[in-house]
Amino acid sequence: MSATTTARAVTAEETGRRIEEVLDRLTALGNPAAVTAAEELVRSLMDFYGSGLARTLHLLSAAPGEPLARLLGDELVASLLVLHDLHPEDRDTRIRRALDSVREHDLDVVGFDEDSGTLTLRTGTSAGCGCGSGTDAREAARAALLCFAPEVTAVEVEQAPTLLQIGPASTGTR
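So, here is what we can say about the structure in this document. What you see as residue numbers is a count from 1 along each chain, following the sequence as written. Only residues with pLDDT of at least 70 get local features here, since the model is predicted, and only at 80 or more are side-chain atom pairs given and counted; chain-wide, interface and lining totals rely on the full set of residues. To obtain the side-chain values, all non-hydrogen atoms of the structure were used and water was disregarded.

Now for the pattern of salt bridges. Salt bridge criterion: a side-chain nitrogen from Lys or Arg within 4 Å of a carboxyl oxygen from Asp or Glu. Inspection of the entire model under this criterion finds eight salt bridges. Residue glutamate 89 pairs with arginine 97 through a salt bridge whose shortest N-O separation is 2.6 Å. For arginine 97, a relative accessible area of 23% corresponds to the partly exposed category. Through salt bridges that share partners, Arg91, Asp92 and Glu114 make up one connected network. Three labels apply to residues, based on accessible area from a 1.4 Å probe with only protein chains included: buried if under 20% of the type maximum, exposed if over 50%, partly exposed otherwise in between.

Here we take up the side chain of arginine 70. Each helix corresponds to a stretch of at least 4 residues labelled H or I by DSSP, and each strand to a stretch of at least 2 residues labelled E; elements are numbered beginning at the N terminus. Structurally, the position occupied by arginine 70 is in helix α3 (residues 67-72). The sign given to each residue is positive for Lys and Arg and negative for Asp and Glu; His and the chain ends receive no count. It turns out arginine 70 is buried and unbridged, and the closest side chain with the opposite charge, glutamate 66, is 7.5 Å from it. Residues are treated as being in contact if the distance between any of their heavy atoms lies within 4.5 Å. Setting aside residues up to four positions removed in sequence, arginine 70 forms contacts with Leu59, Leu60, Ala62, Ala63, Pro64 and Gly65.

Two strands form a pair only when DSSP identifies at least two bridges running between them. The strand order β1-β2-β3 describes an open sheet built from three strands, whose pairing is mixed. Because the sheet does not close on itself, it has two edges, and the strands there are β1 (107-113) and β3 (154-158). Across the sheet, the mean angle from the axis of one strand to that of its neighbour is 25°, orientation sign disregarded. Seen against the sheet, helix α5 (residues 91-100) touches β1 and β2 (118-123) and runs at an angle of roughly 145° to β1. Axis definition: a line fit to C-alpha positions, over the contact stretch in the case of helices; interaxial angles, taken between N-to-C directions, run 0 to 180 degrees.

What follows concerns a negative patch on the surface. Taken together, the side chains of Glu20, Glu21, Asp24 and Glu39 make up a negatively charged region of the molecular surface. With three residues, the top contributor of residues to the negative patch is helix α1 (residues 12-28). Tracing the backbone through its elements, the reader meets glutamate 39 in helix α2 (residues 32-61). Patch rule: a residue counts if its relative accessible area is over 30% and it has no salt bridge; like charges are joined within 9 Å, and nonpolar side chains (Val, Leu, Ile, Met, Phe, Trp, Tyr) within 5 Å. In short, Shrake-Rupley with a 1.4 Å probe defines the accessible areas, and a residue's cover is counted only from the protein chains shown. A charged residue contributes its charge at one atom only: NZ of Lys, CZ of Arg, CG of Asp or CD of Glu.

Structure representation (structure tokens):
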């Protein structure tokens, strides 16, 4: 597995200087609300990345198991890797990983439409009453896919064919 990225290397000093320059330019525009919003955005991003780094360190120091598997299985770390095109797994593998995290819904991939970003799933079983949990399954899948496969922008869930159990056939004799 090899991760590639087009991001250029930056230093903490260079990044801090660029952030200060942007905030200074916003301040010069005379819009205090914009400056406050920009500062809040920077704090939110710093919190997000700080949490990701802390989680990465925790997962790398946890034992036992393969460190890469622990990182790729973590929603926060996986989302950071996907966000920066660093995730070493292909889209289909990441989709399977996401669906593995919601196994209780027994979902199978039917197909993925790259043009629309729609993932079509099928429930593995059906109770036959027509009142299945398709909406719950769709929401669970959508939430899991946000972290692991953000290229999936819509989820459709088809119901599995209904299996009816019918009692012994009547012979018509008494």
